[in-house]
Amino acid sequence: MILFSILPISLQQGLAYALVALGIALTFRVLAFPDLTVDGSFPLGGAVAARLIVQGVDPTLATVAALVVGFIAGCLTGILNTRLKINSLLAGILMMTILYSVNLRIMGRANIQLLYRPTVFTSMENLDMPRFIPIIIFFLLITVVVKILVDLFLHTEYGMALRATGDNENMIRSLGVNTDNATVFGLGLSNALVALSGALVAQDQGFSDVGMGIGMIVAGLASIIIGEAIIKPKTVFRLTLAAVVGSLMYRFIISLG
């Protein structure tokens, strides 16, 4: 009985945070970049989406805006590292710290309630069925689509250059690839996925809070480690699949605990 009671919430949260795991996999596994911006870009997505929704903007547009702002935040981390020559770990810490103040500025206060505001989930909540069913399906579709798009991108010419940047930066630079631009774009893409997750989670739980990103990098890394223990990431497809499966397993373990 306990397993049946925690399974829906584990699936819902696991799929919601799978985008975070995919984003972290791009930086840690593909780019070999220890990016700590995640703890700031996750609440950034929630802050932007919540503030725009409160201002009367369509929830879908607000979610897209959160994705774009997350991309910009990731690119700024890359610029700190590649242009200003700041250590990769320190660059992520600096941007994470900066984003804490930025998120407070965006929201105007520590949190924004969305319980009585329209969100991307409003139409699903009005269906004649338990709330978790359509929301799990929604998160599943989003996760599958994002995973497929990431897989396709990493098999393109630029995607392979991105992978090569993480594997052997000197070699790919000798072939004429601008590794600095590749790093900046990879970090932007990673944090765009993280911010998208933050925007969707904020709408799902009914509020955005400035502290909702605390420990997100740890949870994401744990998901990747668990997933790779189950699915050996020998290919791009298996790497992204391991991130998604790991996120599901991590949330299930947390719920069970």
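Please refer to the structure placed before this passage.
Every chain begins its residue count from 1, and numbering advances along the sequence as written. Totals for whole chains, interfaces and linings use every residue, but because this is a predicted model, local features are given only for residues with pLDDT of at least 70 and side-chain atom pairs only at 80 or more, for both listing and counting. For side-chain calculations, the full set of non-hydrogen atoms in the structure is used, while hydrogens and water are omitted.

Enquirer: How should the overall build of the chain be read in this particular structure?
Expert: A run of H or I in DSSP becomes a helix once it reaches four residues, and a run of E becomes a strand once it reaches two; helices and strands are each numbered from the N terminus. For the chain, the count of helices and strands is 12 helices and 2 strands. Secondary structure elements in the chain, listed N-terminal to C-terminal, are α-α-α-α-α-β-α-α-α-α-α-β-α-α. For a compact globule of 257 residues, the expected C-alpha radius of gyration is about 18 Å, and the chain comes in at 18 Å, within 12% of that figure. C-alpha atoms of the chain, sized along the principal axes, occupy 60 × 40 × 30 Å. We call two residues in contact whenever any of their non-hydrogen atoms come within 4.5 Å of each other. Taking the intrachain contacts of the chain between residues at least 6 apart in sequence as the baseline, contacts between residues at least 24 apart amount to 78%. Here the open area of atoms and residues is found with the Shrake-Rupley method and a 1.4 Å probe, where only the protein chains shown may cover a residue. Counting every atom, the chain has about 12,000 Å² of accessible surface; 68% of that belongs to carbon and sulfur. Positive residues here are Lys and Arg, negative ones are Asp and Glu, while His and the chain termini are left out of the count. Where a charge sits is defined by one atom per residue type, namely NZ (Lys), CZ (Arg), CG (Asp) or CD (Glu). In the chain, the 15 positive side-chain charges and the 13 negative ones have mean positions that sit 3 Å from each other. The size measure is the radius of gyration over C-alpha atoms, and the globule rule it meets is 2.2 Å times the number of residues to the 0.38 power.

Enquirer: How should I be thinking about the nonpolar core in this particular structure?
Expert: The nonpolar side chains of soluble globular proteins are, as a tendency, buried together. Within the largest apolar cluster, 45 residues are counted, with the highest numbers of intra-cluster contacts made by Val20, Phe42, Phe139 and Leu154. Of all elements in the fold, only α1 (2–16), α2 (18–30), α3 (38–54), α7 (132–154), α10 (179–205), α11 (216–230) and α12 (236–256) reach the threshold of two or more residues within this core. Setting aside its immediate chain neighbours within four residues, Phe139 contacts Gln12, Leu15, Ala16, Phe121, Leu200 and Asp204. Among buried residues, those of type Ala, Val, Leu, Ile, Met, Phe, Trp, Tyr and Cys that are joined through side-chain atoms within 4.5 Å constitute a nonpolar core. Working definition: with a 1.4 Å probe on protein chains only, accessible area under 20% of the residue-type maximum means buried, over 50% means exposed, and in between means partly exposed.

Enquirer: Teacher, can you tell me more about the packing of α2 against α10 here?
Expert: Each pair of packed helices gets described by two things: the angle between the helix axes and the distance between those axes. Packing of α2 against α10 leaves a shortest axis separation of 8 Å and a crossing angle of 165°. Between α2 and α10, the angle falls in the class roughly antiparallel. Our pair here, α2 against α10, has a crossing hand that is left-handed. Contact residues: Leu19, Val20, Leu22, Gly23, Ile24, Leu26 and Thr27 in α2; Leu187, Leu189, Ser190, Leu193, Val194, Leu196, Ser197 and Leu200 in α10. An axis is simply a line fitted to the C-alpha atoms; with a helix, the fit covers only the stretch in contact. Between two such axes, the angle follows the N-to-C directions and lies from 0 to 180 degrees. Here roughly perpendicular refers to angles of 65 to 115 degrees, roughly parallel to angles under 35, roughly antiparallel to angles over 145, and oblique to all remaining angles. For any pair of crossing helices, the crossing counts as left-handed if the nearer helix is rotated counterclockwise from the farther one by less than a right angle, and right-handed if it is rotated clockwise.

Enquirer: What am I meant to see in empty space enclosed by the protein here?
Expert: Remark: the empty space left among the atoms is shown by a probe the size of a water molecule rolled over them. The distinction between a cavity and a pocket rests on a 1 Å grid over the protein atoms alone: a 1.4 Å probe fits inside a cavity but cannot get out, while a pocket stays open yet meets protein on both sides within 12 Å along at least five of seven lines, and a residue with an atom within 4 Å of a point counts as lining. Grid points are joined across faces, edges and corners, and a volume is the space filled by probe spheres set on the points. Throughout the structure, instances matching the rule amount to 1 cavity of 30 Å³ or more. Put simply, the largest cavity is a space of about 30 Å³. Every residue lining the largest cavity is listed: Tyr17, Val20, Met216, Ala219, Gly220, Ser223, Ser247, Tyr250 and Arg251. Breaking the lining of the largest cavity down by element, the ones donating at least two residues are α11 and α12.

Enquirer: Sorry if this is basic, but what is going on with the environment of Ile230 here?
Expert: With respect to the helices, strands and loops of the structure, Ile230 is situated in helix α11. When the C-alpha atoms of Ile230 and Leu154 are compared, they prove to be 22 Å apart, with 76 residues separating the residues in sequence. When residues no more than four places from it in sequence are discounted, the contact partners of Ile230 are Val245 and Met249.

Enquirer: Before we go on, may I ask you to explain a nonpolar patch on the surface in this structure?
Expert: Together, Val64, Leu67, Val68, Ile72, Leu76 and Ile79 give the surface a local cluster of nonpolar side chains, amounting to about 450 Å² of exposed area. The residue Ile79 is located in helix α4 (residues 59–82) in this model. Since its relative accessible area comes to 35%, Ile79 is described here as partly exposed. Only residues whose relative accessible area exceeds 30% and that take part in no salt bridge are eligible for patches, with like-charged residues grouped when within 9 Å of each other and nonpolar side chains (Val, Leu, Ile, Met, Phe, Trp, Tyr) grouped when within 5 Å. Just to be clear on terms, a salt bridge is a Lys or Arg side-chain nitrogen sitting within 4 Å of an Asp or Glu carboxyl oxygen.

Enquirer: Is there a simple way to think about the side chain of Thr179 in this case?
Expert: Within the secondary structure, Thr179 sits in helix α10. Using a relative accessible area of 2% as the deciding quantity, one classes Thr179 as buried. Polar contact criterion, stated in full: a pair of N or O atoms within 3.5 Å, where within protein one must be able to donate a hydrogen and the other to accept it, and residues adjacent in sequence count only if both atoms are side-chain atoms. Looking at Thr179, its side chain comes within polar contact range of the side chain of Arg173, at 3.3 Å. Ignoring sequence-local partners within four residues, the contact set of Thr179 consists of Thr165, Glu169, Ile172 and Arg173.

Enquirer: I tried to follow the packing of aromatic side chains on my own but got confused; where do I start?
Expert: Two measures describe an aromatic ring pair: the distance that separates the ring centres and the angle between the ring planes. Pairing of aromatic side chains here covers Phe, Tyr and the six-membered ring of Trp, requires ring centres within 6.5 Å, and sorts the geometry by plane angle: under 30 degrees stacked, over 60 edge-to-face, intermediate tilted. Scanning all chains against the criterion turns up 7 aromatic pairs. With a centroid separation of 5.8 Å and 70° between ring planes, the pair formed by Phe71 and Phe185 is classed as edge-to-face. In this pair, Phe71 is assigned in helix α4 and Phe185 in helix α10, connecting sequence segments 114 residues apart. When its relative accessible area of 29% is taken as the criterion, Phe185 is described as partly exposed.

The analysis is restricted to geometry; functional conclusions fall outside its scope.
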